[in-house]
Amino acid sequence: MKLLLKISVIGLSIALLGACSSSTVNPSLASAKIAHKDERTVGYFSERGEYQRDKVANGFERKLLGTTRKQHWVLQDFYSINGKPQTAPFTVFDERALYDWDTMPFIDGPVQFYYPDGKKQSLITLKQGVVIGTREVYYLTGEVFQAQSFNEQGHITEETFFERDGKRLFTLHYNPNNSEQSSLVFYDDAGKSHSPNADNREQVQALAEKVQAIMMSLEQEVYKQAGQTMPTDDANLAQAAS
């Protein structure tokens, strides 16, 4: 399934512009309970998300596991390189999702993503295709790197980035009705929050670059473990961040 690793880049850019000018859902798969088993491979996807009928080296495999009592489809994606899950089982309410790599608009319930080595990568919850609640992205060692909060309309309201030891780096507060009223605070080594200003601009810039470098390193690791080639634009960003 298509990942949402870049959603925070937009928010981070907004935060930097501002600085220069001045509950987790347990993916117990309750929503993916299968009433009628029908396990079979419905197709394969290239590393760029193109649907194929035959297995693609270093791509992905999608399996249909069955349907729920509501006649929704329960799917699960796997890495071709090692057969390990890219996701836990997830539920979709539209048959088009069986053959579309971007299944987000058709998901109802939580989705757990995994790194190719089997470790948890991120957790997101959707309601009829709309992101709600908390979304988390994890370091390779399992700690939370990024936590986002969404309202019932799917608008992001808050986003925090963390060090591996749990210390906060940034928190962005979003006004869904007026992006110009969004704000940012960053944290010093003692955990005290500060607002960006002309005097701490360099400190804010350094923290922002650190966050983006971590984000890109995590994305690089996914491609590396999956035996895939990072898209040119992403590779250029990663090189700039390193």
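Right, let's walk through the structure included here. (Residues numbered from 1 in each chain as written. Predicted model: local features only at pLDDT ≥ 70, side-chain atom pairs only at ≥ 80, totals over all residues. Heavy atoms only, no water.)

### Observations regarding the overall build of the protein chain
Right, so step 1: Assigned secondary structure in the protein chain consists of three helices and 13 strands.
Right, so step 2: As displayed, the protein chain has an accessible area near 12300 Å², and 48% of this comes from carbon and sulfur atoms. (Helix = DSSP H or I, 4+ residues; strand = E, 2+ residues; numbered from the N terminus. Areas by Shrake-Rupley, 256 points an atom, 1.4 Å probe, with all protein chains shown as cover.)

### Overview of unusual backbone geometry
Right, so step 1: Phi at Asn-58 takes a positive value of approximately 60°, unusual for a residue other than glycine.
Right, so step 2: Mapped onto the elements, Asn-58 comes out in the loop between β2 (51-52) and β3 (60-67).
Right, so step 3: Despite not being glycine, Gln-71 shows a phi value in the positive range, around 65°.
Right, so step 4: Mapped onto the elements of the fold, Gln-71 is located in the loop between β3 and β4 (73-79).
Right, so step 5: With a relative accessible area of 47%, Gln-71 lands in the partly exposed category. (Buried < 20%, exposed > 50% of the residue type's maximum accessible area, 1.4 Å probe, protein only.)

### With respect to the pairing of strand β1 (residues 36-45)
Side chains on a regular strand alternate between the two faces of the sheet.
Right, so step 1: Alignment of β1 against β3, held across seven bridges, turns out to be antiparallel. Directly across from Thr-41, in β3, lies its bridge partner Lys-63.
Right, so step 2: Hairpin geometry of β1 and β2 is characterised by an intervening segment of five residues between the two adjacent antiparallel strands and by a positive phi of about 90° at Gly-49. (Pairing = 2+ DSSP bridges.)

### A look at the sheet that holds strand β6 (residues 109-114)
Right, so step 1: One open sheet holds the eight strands; their spatial order is β6-β7-β8-β9-β10-β11-β12-β13, and the pairing between them is antiparallel. In this open sheet, the two strands that pair with only one neighbour each are β6 and β13 (193-194).
Right, so step 2: With six bridges joining them, β6 and strand β7 (residues 120-127) adopt antiparallel strand pairing. Of the residues in β7, the one forming a bridge with Phe-113 is Ser-122.
Right, so step 3: Across the sheet, helix α2 (residues 201-225) touches β8 (130-138), β9 (144-150), β10 (156-162), β11 (168-173) and β12 (183-187), and the angle it forms with β11 is around 95°. (Contact = heavy atoms within 4.5 Å. Axes fitted to C-alpha atoms, helices over the stretch in contact; angles between N-to-C directions.)

### Structural notes on the nonpolar core
Right, so step 1: Counting residues in hydrophobic clusters, the biggest one holds 43 residues, and the most contacted among them are Val-92, Ile-107, Val-111, Phe-145, Phe-161 and Phe-170.
Right, so step 2: The dominant element in this core, judged by the number of residues it contributes, is α2, at eight residues. (Core = buried A, V, L, I, M, F, W, Y, C linked by side-chain atoms within 4.5 Å.)

### Comments concerning the sheet that holds strand β5 (residues 90-92)
Right, so step 1: With antiparallel pairing, the five strands of this open sheet are ordered in space as β2-β1-β3-β4-β5. At either end of the open sheet lies a strand with only one pairing partner, and these are β2 and β5.

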